Amino acid sequence: MSSRKHLSPTDSKRGDLLTSSSTSSLKSLTGKSKNSVDLNGHDRLNEPKLKLFESPLAHERRGSFRNEAQKPDSFINISGPLGISPKPSTEKLPLPNIYNDRSDDKEEYFVKNNGDSDMRETPEFRRYEEATNIELFYDLFFVANLTTFTEVTDINSSTALKSYAGFFCILWFLWVQVSLFDVRFVTDSILERVGKAAQFGVMVGLASVGPNFDPSSQKEHTFRSLAIILMFSRVILGLQYAIVLYHVWFYRNSKTPLVMVVGTNFVAALIYLGTLFAFKKGTNSKVYIVWYVTAILETTINVTISANWKVLSFEGSHLVQRMSLLTLIILGEGVIGICKSISTIVETEAGWTAPLVVTVVAAVTLLYFIYMIYFDWMNRAQFGTFRQELWAFLHFPFHLALVLLVEGTAQFIIWRKIAEVVARINTLFSTTGRTFLSTGDTNSVTLSTLFVNATNTVYAEFPPKFARTIYETQNAIHTIGNATFNSTEQSQGISTLFSVIRDSIFDSFNIEPPEKKMKRMAVVADDPNDEWERHMEAFKLIFVYFFIASGLTLILMNILNTISRPKTTRGDRIRICVYFVFGVLLASVASLVTTDTGFGSAQSAIVLPTVALVFVFVMTFGYTKLL
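Residues numbered from 1 in each chain as written. Predicted model: local features only at pLDDT ≥ 70, side-chain atom pairs only at ≥ 80, totals over all residues. Heavy atoms only, no water.

Quick word on the overall build of the protein chain
Scanning the protein chain from terminus to terminus reveals 20 helices and 0 strands. A total of 627 residues make up the protein chain; the buried ones form 47% of that total. Put simply, the protein chain shows about 31,400 Å² of open surface, and 62% of that area lies on carbon and sulfur atoms. (Helix = DSSP H or I, 4+ residues; strand = E, 2+ residues; numbered from the N terminus. Buried < 20%, exposed > 50% of the residue type's maximum accessible area, 1.4 Å probe, protein only. Areas by Shrake-Rupley, 256 points an atom, 1.4 Å probe, with all protein chains shown as cover.)

As structure tokens, this is what we get:
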């Protein structure tokens, strides 16, 4: 009898490693280990692993095997009297692969059912339980874009806030469109890698136009370039879906939905291209709003089609994991922001106070508890096609609120330190003024000398960054020393000196005031008092959007939790109502900044600890047993 060689489990694992690719995931539902030698004796290890064209189907394409000749059976059926052995043959009969219990069954199943074409009108696609390597690599470009845009954008005015939210909208919907394709149809082939390289180029293009994205002050080349980039991204997606359409062309129930998706992407590309001609030099066009509307509509159409046709269903995909990974990315952006704020403080002044330490601890606690609440509330199992798609779509407002929350958290750490420094400066100058008054002296020159000494003390610890600061300081000192004692002119000089010093402190901590709208021909520098007022307006804005974002984050996490739950108990319903109330209360705190008392509290150290305690309560209440 001829000997037959079996592959050991070690050889099987080795073959599995050698066949891994850029689309491999840690746990693929269809990626079980394969032998290096198949039933026909072909050495799979020596075959090329990267093809020009790779099918996303979990079986053979109907158009390819419908016309194929019937494959011979792997085993010979022997008929005849029992106990009589067949005629000896020197031909070696292949044994079934005992280490691969899926591929042979899959092949046999589709061959045997080739005649039942009417019963199989929906193809099956390969599904990955976890994000593939190529998807994670694409996420790096999203992270780089978000980090870069956050770094160059100071959210210190309502205009800057709108620009930040608008660019995040463009970036998020681009990412989600690519992810909706990847979680269902990702493969590894030369064409797929070329497509991914093109998507990487789109992300790099967004990074190049992001710093100049400002709808209130449009630059023609920036907005025209962005329109071309968006058009190009949808063309790529349309071609990728067209490749999938080719593979399912012979399936009666699969052609229509994919044709609709391909058409949606190309129509969106034409719309983006059409907006190109609306942006002209010297004008601010409102056409950019079409980008937001188009992005929302095309995503809605894609999700709606997926809910009504099984071929595009997200069932068995890792859509939930993709959304959770993006949540982690945004939380990571918050951690980066906190670390940058701490670095700025350490570089400017090494002194730490108890309120500042409490603020930093509260910031870290806030992000940590948001992370725990989100992932504790997340249902990792499949929870219905429509509910899963709605859950994914609602991540846009959730991620927008979360990114503003983490940005506000980092800003409040810097503002807490600035508030402490400004309080110390106020104390220093108040002490200087009281010392002068206690002597009974009314000489303005003596008063200005005392202020010069106090100013030098401040500038020794926080050196001015700009020559303009020194010039304005000297002018203010000169006004104080030459004006009549206790006159209006002298009071204005003292007020200007305080404003110049406080503005210099903001410069030391890299805090820029909102840009002032002024005539282009003006050459006179900003009034220091006006600059201080603009800093205070920026602080109020940060306070408002931080608390609104905090409340919306809690409310939206509550909604996501409710959608993903298979069923709710009485205790769950009570918790859902309590979380909603706390979310509304957090958002309503933003209105307190309009009052003098609220504005004073906003500058204290209780802001971040208050929000952090709310999320700590939510986490604790979630594990409290209710009757």
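Focus on the confidence of the model for the protein chain
Reading predicted coordinates in detail is not appropriate for stretches of low pLDDT. Mean pLDDT for the protein chain: 80, with 78% of residues reaching 70 or above. Confidence, expressed as mean pLDDT per element, reaches its minimum in the protein chain at helix α3 (residues 103-112) with 40 and its maximum at helix α11 (residues 354-377) with 94. A low-confidence stretch, residues 25-34 (pLDDT under 50), is modelled with 29 contacts involving residues beyond four sequence positions or located in other chains. For residues 64-119, every residue scores under 50 in pLDDT, and the model assigns this stretch 48 contacts once sequence neighbours within four places are set aside. (pLDDT = per-residue confidence, 0-100. Contact = heavy atoms within 4.5 Å.)

Overview of the packing of helix α4 (residues 133-152) against helix α10 (residues 319-348)
Contact geometry of α4 with α10 gives a least axis separation of 11 Å together with a crossing angle of 35°. For the pair α4 and α10, the sense of crossing is right-handed. Between α4 and α10, the residues in contact are E135, L136, D139, F142, V143, L146, T147, T150 and E151 and R322, L325, L326, I329, I330, E333 and K340, respectively. (Axes fitted to C-alpha atoms, helices over the stretch in contact; angles between N-to-C directions. Left-handed = near helix turned anticlockwise from the far one by under 90°.)

Remarks on the side chain of N145
With respect to the element layout, N145 can be found in helix α4. On the accessibility criterion, N145 (4% relative accessible area) is buried. Setting aside residues up to four positions removed in sequence, N145 forms contacts with F167, L171, M203, L206 and A207.

So, a nonpolar patch on the surface
Where nonpolar side chains cluster on the molecular surface, the patch consists of I289, V293, L297 and I301 and spans about 320 Å² of accessible area. Along the chain, L297 falls in helix α9 (residues 289-308). (Patch = residues over 30% accessible without salt bridge, like charges linked within 9 Å, V, L, I, M, F, W, Y side chains within 5 Å. Salt bridge = Lys/Arg side-chain N within 4 Å of Asp/Glu carboxyl O.)

A few points about helix α8 (residues 255-275)
In this model, α8 (21 residues) spans 31 Å end to end at C-alpha, consistent with the 30 Å of a helix rising 1.5 Å per residue. Of the positions making up α8, those classed as buried are P257, L258, V261, V262, T264, N265, A268, A269, Y272 and T275. Projected down its long axis, α8 carries its buried residues within an arc of 150°, all on one side. On its buried face, α8 is in contact with α7 (220-247) and α9. (Expected span 1.5 Å × (residues − 1). Arc of directions from axis to C-beta.)

What to know about the packing of aromatic side chains
In total, this model carries 43 aromatic pairs according to the counting rule given. Geometrically, the ring pair formed by F149 and Y164 is stacked, given 5.5 Å between the ring centres and 25° between the ring planes. Here the residue F149 occupies a position in helix α4, and Y164 occupies one in helix α5 (residues 158-185), the gap between them amounting to 15 residues. In this pair, the class of F149 matches that of Y164, namely buried. Both rings, one in F181 and one in Y241, keep their centres 5.0 Å apart while their planes meet at 85°; by these two values the pair is edge-to-face. Of the two residues, F181 sits in helix α5 while Y241 sits in helix α7, which places them 60 residues apart along the sequence. Relative accessible area serves as the criterion here: at 2%, F181 is assigned to the buried category. (Phe/Tyr/Trp six-rings, centres within 6.5 Å; stacked < 30°, edge-to-face > 60°.)

A look at the pattern of salt bridges
Going through the model one piece at a time under the given rule, you end up with 15 salt bridges. Connected via shared salt-bridge partners are E135, D139 and R322.

Quick look at the nonpolar core
Formed by 152 residues in total, the largest nonpolar core has its most connected members in W291 and F615. Counting residues per element, this core draws most heavily on helix α13 (residues 395-438), which supplies 18 residues. Among residues more than four places away in sequence, those in contact with W291 are I170, F213, F223, L226, A227, L230, Y272, T275 and F279. (Core = buried A, V, L, I, M, F, W, Y, C linked by side-chain atoms within 4.5 Å.)

Description of helix α6 (residues 190-209)
Across its 20 residues, α6 extends 29 Å between first and last C-alpha, which sits within 8% of the 28 Å expected from 1.5 Å per residue. What α6 keeps buried is the set E192, G195, K196, Q199, F200, V202, M203, G205, L206 and V209. Structurally, α6 contributes buried residues whose contacts are with α4, α5 and α7.

Observations concerning the side chain of S317
Counting through the fold element by element, S317 comes out in the loop between α9 and α10. At 2.5 Å, the side chain of S317 and the backbone oxygen of F314 are in polar contact. (Polar contact = N/O pair within 3.5 Å; in protein donor to acceptor, adjacent residues only side chain to side chain.)

Some words on the environment of M231
Mapped onto the secondary structure, M231 falls in helix α7. Separated by 38 residues in sequence, M231 and A269 place their C-alpha atoms 4.2 Å apart. In this structure, M231 is in contact with A269, Y272 and L273, ignoring residues within four places of it in sequence.

Let's talk about unusual backbone geometry
Most peptide bonds adopt trans geometry, and most residues besides glycine take a negative phi value. Residue N486 is not a glycine yet carries a positive backbone phi of 65°. With respect to the helices, strands and loops of the structure, N486 is situated in the loop between α15 (467-482) and α16 (488-508). Phi at N510 is positive, roughly 60°, even though this residue is not glycine. Mapping N510 onto the fold places it in the loop between α16 and α17 (528-564). Relative accessible area serves as the criterion here: at 45%, N510 is assigned to the partly exposed category.

With respect to the environment of F615
Its location among the elements puts F615 in helix α20 (residues 607-622). In this structure, the C-alpha to C-alpha distance between F615 and M372, residues 243 residues apart in sequence, is 9.9 Å.

Section: the packing of α5 against α10
The N-to-C vectors of α5 and α10 enclose an angle of 150°; their axes lie 10 Å apart at closest approach. With respect to their mutual orientation, α5 and α10 come out roughly antiparallel. You can see that α5 and α10 cross each other, and the crossing is right-handed. Between α5 and α10, the residues in contact are F168, W172, W175, V176, S179, L180 and V183 and L319, R322, M323, L326 and I330, respectively. Broken down by class, the residue content of the contact of α5 with α10 amounts to 10 nonpolar, 1 polar and 1 charged. (Parallel < 35°, antiparallel > 145°, perpendicular 65-115°, else oblique. Nonpolar A, V, L, I, M, F, W, Y, C, P; charged D, E, K, R; others polar.)

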